[in-house]
Amino acid sequence: MKCRALCKGGPRISEVGFGAGPFRGLDWGPVNDETSIRAVHRALDLGVTLFDTADAYGNGRSERVLGRALEGRRERVVLATKGGWWYVDGAAYCDFSLIYLCRALEASLRCLRTDCIDLYYIHDPDVETIRRGGVFEFLTRMKSAGSIRLSGVSIDTVEQGRLCIESGCVDVLQIYYNILDQRPDPGLFEAARTAGVGTVIKAPLARGLLSGKYSRDARFPDGDFREAWRIDGRLHRALAQVAIVEELVGDRSPSLAQTALRFVLSHQAVSCVIPGAKTPEQAEANAAASEMGSLDEADVTALKMLYREMAGPFDAR
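Residues numbered from 1 in each chain as written. Predicted model: local features only at pLDDT ≥ 70, side-chain atom pairs only at ≥ 80, totals over all residues. Heavy atoms only, no water.

## Section: unusual backbone geometry
Omega for the bond connecting Asp185 with Pro186 falls within 30 degrees of zero, at 5°, which places this linkage in the cis form. With respect to the element layout, Pro186 can be found in the loop between strand 10 (172–176) and helix 7 (187–195). Despite not being glycine, Asp124 has its phi angle at roughly 55°, a positive value. Checked against the element boundaries, Asp124 lands in the loop between strand 8 (117–123) and helix 4 (127–132). Even without glycine at this site, Ala206 takes up a positive phi of about 50°. Here Ala206 is to be found in the loop between strand 11 (198–202) and helix 8 (227–232). Overall, the relative accessible area of 0% leaves Ala206 in the buried class. (Helix = DSSP H or I, 4+ residues; strand = E, 2+ residues; numbered from the N terminus. Buried < 20%, exposed > 50% of the residue type's maximum accessible area, 1.4 Å probe, protein only.)

## Considering the packing of helix 6 (residues 158–167) against helix 7
Running from N to C, helix 6 and helix 7 cross one another at 15°; their axes reach a closest spacing of 10 Å. Judged by the angle between their axes, helix 6 and helix 7 are roughly parallel. Note on packing geometry: the crossing formed by helix 6 with helix 7 is left-handed. For the pair helix 6 and helix 7, contact is made by Val158, Gly161, Arg162 and Ile165 and by Gly187, Leu188, Ala191, Ala192 and Ala195, respectively. Looking at the contact of helix 6 with helix 7 residue by residue, the class counts come to 6 nonpolar, 2 polar and 1 charged. (Axes fitted to C-alpha atoms, helices over the stretch in contact; angles between N-to-C directions. Parallel < 35°, antiparallel > 145°, perpendicular 65-115°, else oblique. Left-handed = near helix turned anticlockwise from the far one by under 90°. Contact = heavy atoms within 4.5 Å. Nonpolar A, V, L, I, M, F, W, Y, C, P; charged D, E, K, R; others polar.)

## Here we look at helix 5 (residues 134–145)
Here helix 5 contains 12 residues, and its C-alpha end-to-end distance of 17 Å stays within 8% of the 16 Å for a straight helix at 1.5 Å per residue. Among the residues of helix 5, Val135, Phe136, Phe138, Leu139 and Met142 are the ones counted as buried. Seen along its axis, helix 5 keeps its buried residues to an arc of 155°; they face one direction. Counted as exposed and oriented over 90 degrees from the buried face of helix 5: Ser144 and Ala145. Gly146 sits one or two positions beyond helix 5 and adopts a positive phi of about 85°. (Expected span 1.5 Å × (residues − 1). Arc of directions from axis to C-beta.)

## Digging into the packing of helix 9 (residues 234–249) against helix 12 (residues 297–309)
In contact at an axis separation of 10 Å, helix 9 and helix 12 are set at 155° when each is read in the N-to-C sense. Classed by the angle they form, the pair helix 9 and helix 12 counts as roughly antiparallel. Read as a crossing pair, helix 9 and helix 12 show a hand that is right-handed. In this structure, helix 9 uses Ile244, Val245, Leu248 and Val249 to contact helix 12, whose residues at the interface are Asp299, Ala302, Leu303 and Leu306. Tallied by class, the residues present in the contact of helix 9 with helix 12 amount to 7 nonpolar, no polar and 1 charged.

## Some thoughts on empty space enclosed by the protein
One pass over the full model with this rule turns up 2 cavities of 30 Å³ or more. Of the pockets and cavities examined, the largest cavity occupies roughly 70 Å³. Along its surface, the largest cavity is lined by Ile155, Asp156, Thr157, Val158, Ile175, Tyr176, Asp181, Arg183, Pro184 and Leu188. Within the lining of the largest cavity, the residues separate by chemical class into 6 nonpolar, 1 polar and 3 charged. Approximately 40 Å³ is the volume attributed to the second largest cavity. (1 Å grid on protein atoms, 1.4 Å probe; cavity = no way out; pocket = protein on both sides within 12 Å on 5 of 7 lines; lining within 4 Å. Points joined across faces, edges and corners; volume = space filled by probe spheres on them.)

The values are spatial; any link to function lies outside them.
Here it is in structure tokens:
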């Protein structure tokens, strides 16, 4: 497993991390907690050191499972979580006030069975929340108190990322970037690199579309949010783009997913990718992408040209 610096002054971490979002079940389909724990242990065996979750993932379920899995192994990892959202009967709510975030952080510490979060993100705040700056005050206070070591913001747009960098209060950004959505490149990546801000890439497989396992007649489990993609036609359009990707670079790795991860890791501004995994086998396949190295420059160029020819980015949210 190759390693990279997380951010300026930060620790070195595995370039392939572990996204524990699927542990929540619910809108990600069925999941087994014991299998999830085995997936974490397999990732640890393979040299994965950054593990990412959020309190909103199953309203604490993902954090609790990850906390169990890392018991006795906590010192070996960089542990990241997020706060600001929760769900009630399928409806999403957010609160980025100082009072709420303090309570959310305390709950995350309990669920994760730790006394300090290595990297704590504000979870997808909107532009106005970022501009008001209260979230940065919270992050600064928690670092001073020793409750967190590094501060981050998980974002949706390039504009949000630029505002966070300009604040001077953020160590790491968590951003969308994959073959089907290359909006951060080059502007946001360059701004982050110049400022010493790390970039952790969420949805590097476009929520599974770049796994290579879905066809145009795919059906998702009951409650899986991706079923909406099939209904509104986004799945059909995205898989047409995936088919072109496979024609270009389909044989560069044992799986399309590994090629997709290698594409993201080809960008030197990227600190880490955090593909999700539900099983030990998925954790193994994700980790193996690091051993294969970055894609050849010609393949990266071809995939960037393909993106410019697309009608627009695929929104994996």
